[in-house]
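# Structural description and commentary
Single-letter residue listing:
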Amino acid sequence: MQALSFDEIAGLISAKYAPEMVAPSQGSLVVGGEHLLEVASYLRGTPELDFDYLISVTAVDYRGHFEIVYHLTSLQHSHSLVLKVRCPQDKPVMPSVVSLWRGADLQEREVFDLMGVSFAGHPNLKRLFLWDGFKGYPLRKDYSSGT
Amino acid sequence: MALKTEPFVLNIGPLHPSTHGVFRLLATLDGEVVIDIEPIIGYLHRGIEKLAEEREYQKDIPLCDRLDYVAAMSHSMAYVMAVEKLLGISVPERAEYIRVIMVELQRIASHLLAVGSIANEIGTFFTPFMYMFRERERILDLFDMVCGQRLLYNYMRFGGVSHDLPEEFIPALAKFINQMPGYIDEYDQLLAENEILLVRTKGIGVLPPELAINCSVSGPTLRASGVARDIRRCDPYSIYDRFEFDIPTRTAGDCYDRYRQRIEEMRQSLRIIRQAVEQLPQGKVNSQVPIRVRPPQGDVFVHVEAPRGELGFYLVSDGSEKPYRFHIRAPSLINLTPLREMIIGWKLADAIVIFGSIDIIMGEIDR
Amino acid sequence: MEVGRERIYSAAELDAHEGALIEALRASSQQPVTDPDEWLQKELQRNVLVTSVDAVLNWSRRSSLWPVICFPACCAFEFIGASASRFDMSRFGMDILRGSPRQADLLITAGTLTWKMAPQVRRLYDQMAEPKWVIAMGACGITGGIFRDSYSVVPGYNRIVPVDVYVPGCPPRPEALLNGIEMLRQKINARSISTEGE
Ligand code: SF4
């Protein structure tokens, strides 16, 4: 029942994983895309971390690469954590975290719909807001509606 | 021996009186029992995130009002708090108190609507609604007094609020908070023990706490399942740490509890407003932030307890006048995640009640 | 039970069908529909015989406008406010909000219209019985309002349906909506069966 500070969480993580897999940077953990599921299940499953509540999933287009941002919190310990995962623009595929947190379901669909990042392993990945046949992904920085 | 029936698909919405806006539900029914549903949304997708990224920070405040149009104050407050955090500016004391008063009034107004529509959905068409609209109109009058708008206020500003309270506001508010408990008792008399309401909501659409947490459900819907997560308490923002209030929770997590939960929260909001009015200091209400702000590079995530749950703003600034990324963590959308589990196995008429008891607003779901 | 999966159309087919409808409507609605008010100018063609018939018909039409439910966005709450206890729209014979378009003759467009929604509204309008009227409520109903630049918003309901009365505001206050309804009643009053259907 103890809230850990970011440095303590980062310490726990770097004791377990090599720095090229997970590296703390400016108050958030930067995770390599292929290790996301492994790190995430460690974060969720370890009793002293116990990140059981996924607040939000979103993506940012940094012109050249996407960054998927996960905000996690633990209801028990009430500490929170930001995970950032880079994803190349030419191959925008990420592992889905729905198997760990169902709360990611609609949010990953939203990211897919508006940003065009697909999530491997998502149970029902299709457009959420826009209709079938809509061209482009509006939240990308290079999107223009042509009007 | 019961006859076997053939399943059929029923399309409800997007324009349907019971769908709270433009929501579409593709239900597969076996007789009257729902065996599968697929929610389809996006009929009000207005592209707010994209529009906000194309406009200056100041011009995004009205867009935030239009996200959840029955809780406009909460949404614009969350947004200006996020920008203030990016800018690193503080808010005058008086403005903080005014904000809290506004947001809590907004919570009452919003919950009134939610309770009214639950009652609507079980078939008491519009009668309890009329009672609740009576009080809601009074709250809207109070808002009208401070900012001249009834629904979408555009009242919050970076570093405070747009202008001070008019003279007649505090007496009118005092009158309202004295009368409101009586009104809430009146609703209880009408509804709390009402046979029809009990039969239609008790034990219906149970959301177990583990599922709620796993699905990132928040707000009254989560607390009705017995999880005491309220951002005002677990990550206090603004000046909420100065007030005494409880975080009510319920245990069963059914439709009845979600309705009771909102009634309780209204009482707590009244408590907060009463304390805020007593402590309201004199002074400035705005710290003269220029119209065009250029926050330094960086990102922030600010979350508040909006009437429908945990509302978050994730802003990324690249140092220019416009937000580089503007993301809204919309509670209504995420609260829909466990909808399938909650509805399957119930009759169609119950499905409408379950859906209504989550209390969603399409503007916020679709954005 | 996996029964839900055996449909005539799969979910993907339904989505594709809907998408095609939306795209088609979007392509064909790039220009606004003209407002249906040229008959207001046809005053001269009226003749004495029909005026009393007109008076009765118009009285009955204007006094029992039944609005259909079309509540896409924020303006809906001002519409509900107008029909709830304080503003009490029933005074004008607008008692019941109809769930079915076939029983209604007034479409009040309370909120932003998106392209995804547009085919539904068009269908709603087509299903309403003649004579029928449309009030475009709010800035969004008139031009798309604050969302006009968006990639998914229809810039005004008059791209989809002919609009009789425009009520500006964001949202219009219930008083403004009632004023718009009053204007519509005056407009109905100017109708004549001798010019109808032209
Ligand atoms: S006109 Fe304003 S209030 Fe009405 S739907 Fe549009 S944004 Fe909302």
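Residues numbered from 1 in each chain as written. Chains lettered and ligands numbered in written order. Predicted model: local features only at pLDDT ≥ 70, side-chain atom pairs only at ≥ 80, totals over all residues. Heavy atoms only, no water.

## A closer look at the overall build of chain C
- Helix and strand content of chain C: six helices and four strands.
- When the helices and strands of chain C are placed in sequence order, the string is α-α-β-α-β-α-β-α-β-α.
- Among the 198 residues that make up chain C, the fraction classed as buried is 54%.
- Within chain C, counting contacts between residues at least 6 apart in sequence, those at least 24 apart form 81% of the total. (Helix = DSSP H or I, 4+ residues; strand = E, 2+ residues; numbered from the N terminus. Buried < 20%, exposed > 50% of the residue type's maximum accessible area, 1.4 Å probe, protein only. Contact = heavy atoms within 4.5 Å.)

## Points about the interface of chain C and chain A
- Counting residues at the interface gives eleven residues for chain C and twelve residues for chain A.
- For the pairing of chain C and chain A, the buried interface totals around 920 Å² over both sides, and the portion due to carbon and sulfur atoms is 60%.
- Inspection of the chain C/chain A interface yields two residue pairs in polar contact (both at pLDDT 80 or more).
- Broken down by class, the residue content of the side of chain C that touches chain A amounts to five nonpolar, two polar and four charged. (Buried area = accessible area lost by both parts, 1.4 Å probe. Polar contact = N/O pair within 3.5 Å; in protein donor to acceptor, adjacent residues only side chain to side chain. Nonpolar A, V, L, I, M, F, W, Y, C, P; charged D, E, K, R; others polar.)

## Brief notes about the interface of chain B and chain C
- With 47 residues of chain B at the interface, the matching set in chain C holds 41 residues.
- Summed over the shared surface of chain B and chain C, the number is four salt bridges.
- Of all the elements, helix α5 (residues 127-147) of chain B adds the most residues to the side of chain B that touches chain C, at eight residues. (Salt bridge = Lys/Arg side-chain N within 4 Å of Asp/Glu carboxyl O.)

## With respect to the pairing of strand β1 (residues 22-25) of chain A
Residue and element names in this part refer to chain A.
- The sheet contact formed by β1 and strand β2 (residues 28-31) spans four bridges and is antiparallel. In the sheet register, A23 faces β2, and the bridge partner there is V30.
- Connecting β1 to the next strand, β2, in antiparallel fashion are two residues, including Q26 with a positive phi near 45 degrees. (Pairing = 2+ DSSP bridges.)

## Overview of the pairing of strand β3 (residues 53-61) of chain A
Residue and element names in this part refer to chain A.
- A large share of β3 lies buried, amounting to nine of its nine residues.
- By the bridge criterion, eight bridges tie β3 to strand β4 (residues 65-73) in an arrangement that is antiparallel. Bridge pairing links Y53 to T73 in β4.
- With antiparallel pairing between neighbouring strands as the criterion, β3 and β4 make up a hairpin whose turn holds three residues, including R63 at a positive phi of roughly 50 degrees.

## Points about the site of the ligand
- Taken together, 13 residues sit near the ligand, with C74, C75, A139, C140 and C170 of chain C positioned nearest.
- Neighbouring residues of the ligand are not confined to a single chain but are spread across chains B and C.
- In terms of residues, the shell around the ligand owes the most to one element, helix α5 (residues 138-143) of chain C, which gives three residues.
- Across the shell around the ligand, the residue classes break down as eight nonpolar, four polar and one charged. (Near = heavy atom within 4 Å.)

## Things to note about the confidence of the model for chain A
- Averaged over every residue, the pLDDT of chain A is 81; the share at 70 or more is 97%.
- At the level of individual helices and strands, chain A shows its lowest average pLDDT in β1 of chain A, which scores 74, and its highest in β3 of chain A, which scores 88. (pLDDT = per-residue confidence, 0-100.)

## Some details on the sheet that holds strand β1 (residues 8-12) of chain B
Residue and element names in this part refer to chain B.
- The three strands are arranged β1-β2-β3 in an open sheet whose pairing can be described as antiparallel. What marks the edges here is a single partner per strand, and that holds for β1 and β3 (33-40). Averaged over all neighbouring strand pairs, the angle between strand axes comes to 20 degrees, with direction disregarded.
- Here five bridges tie β1 to strand β2 (residues 24-30), and the two strands are oriented antiparallel to one another. Opposite F8, over in β2, you have L29 as the bridge partner. (Axes fitted to C-alpha atoms, helices over the stretch in contact; angles between N-to-C directions.)

## A short note on helix α4 (residues 93-121) of chain B
All names here are of chain B.
- In this model, α4 (29 residues) spans 42 Å end to end at C-alpha, consistent with the 42 Å of a helix rising 1.5 Å per residue.
- Across the 29 residues that make up α4, a large majority, 28, are buried.
- Positive backbone phi, approximately 115 degrees, marks G123, located one or two places after α4. (Expected span 1.5 Å × (residues − 1).)

## A few points about the nonpolar core
- Within the largest apolar cluster, 242 residues are counted, with the highest numbers of intra-cluster contacts made by Y70 of chain A together with Y79, M102, L105, Y155, M180 and F313 of chain B.
- A per-element tally of this core places α4 of chain B first, with 15 residues.
- Contact partners of Y79 of chain B, with chain neighbours within four places excluded, come to Y57, D60, I61, C64, F158, F313, L315 and F326 of chain B. (Core = buried A, V, L, I, M, F, W, Y, C linked by side-chain atoms within 4.5 Å.)

## Digging into unusual backbone geometry
- Across the junction of C170 of chain C and P171 of chain C, the peptide omega takes the value -10 degrees, indicating a cis bond.
- Positive phi is not limited to glycine here, since R63 of chain A has a value of about 50 degrees.
- The residue R63 of chain A is located in the loop between β3 and β4 in this model.
- Overall, the relative accessible area of 59% leaves R63 of chain A in the exposed class.
- The backbone of S238 of chain B shows a phi angle near 50 degrees, a positive value even though the residue is not glycine.
- Within the fold, S238 of chain B resides in the loop between α10 (231-234) and α11 (255-279).

## Structural notes on helix α3 (residues 72-87) of chain B
- Over its 16 residues, α3 of chain B runs 23 Å from end to end, which matches the ideal 22 Å to within 8%, given 1.5 Å per residue.
- Phi turns positive, to about 70 degrees, at G88 of chain B, one or two residues after α3 of chain B.

## With respect to the pattern of salt bridges
- Tallying each qualifying case throughout the model produces 47 salt bridges over all chains.
- R24 of chain B is the partner of E18 of chain C in a salt bridge, and the nearest nitrogen-oxygen pair spans 3.4 Å. Taken together, the residues span two chains, with E18 of chain C in helix α1 (residues 11-28) and R24 of chain B in strand β2.
- We classify E18 of chain C as buried; its relative accessible area is 11%.
- On the accessibility criterion, R24 of chain B (11% relative accessible area) is buried.
- One connected set of salt bridges, linked through shared partners, spans E104, R107, R223, D230, R232, E265 and E305 of chain B.

## With respect to the packing of α4 of chain B against helix α6 (residues 169-192) of chain B
Residues and elements named next belong to chain B.
- Two elements in contact, α4 and α6, have axes whose closest approach is 13 Å; the angle formed by their N-to-C orientations is 25 degrees. Regarding the angle of α4 to α6, the classification is roughly parallel. Between α4 and α6 lies a crossing whose hand is left-handed. Taken together, the residues of α6 that come into contact with α4 (itself represented by I101, M102, L105, I108, L112, V115 and A119) are F169, L173, F176, M180, Y187 and L191.
- Partitioned by chemical class, the residues of the contact of α4 with α6 number 13 nonpolar, no polar and no charged. (Parallel < 35°, antiparallel > 145°, perpendicular 65-115°, else oblique. Left-handed = near helix turned anticlockwise from the far one by under 90°.)

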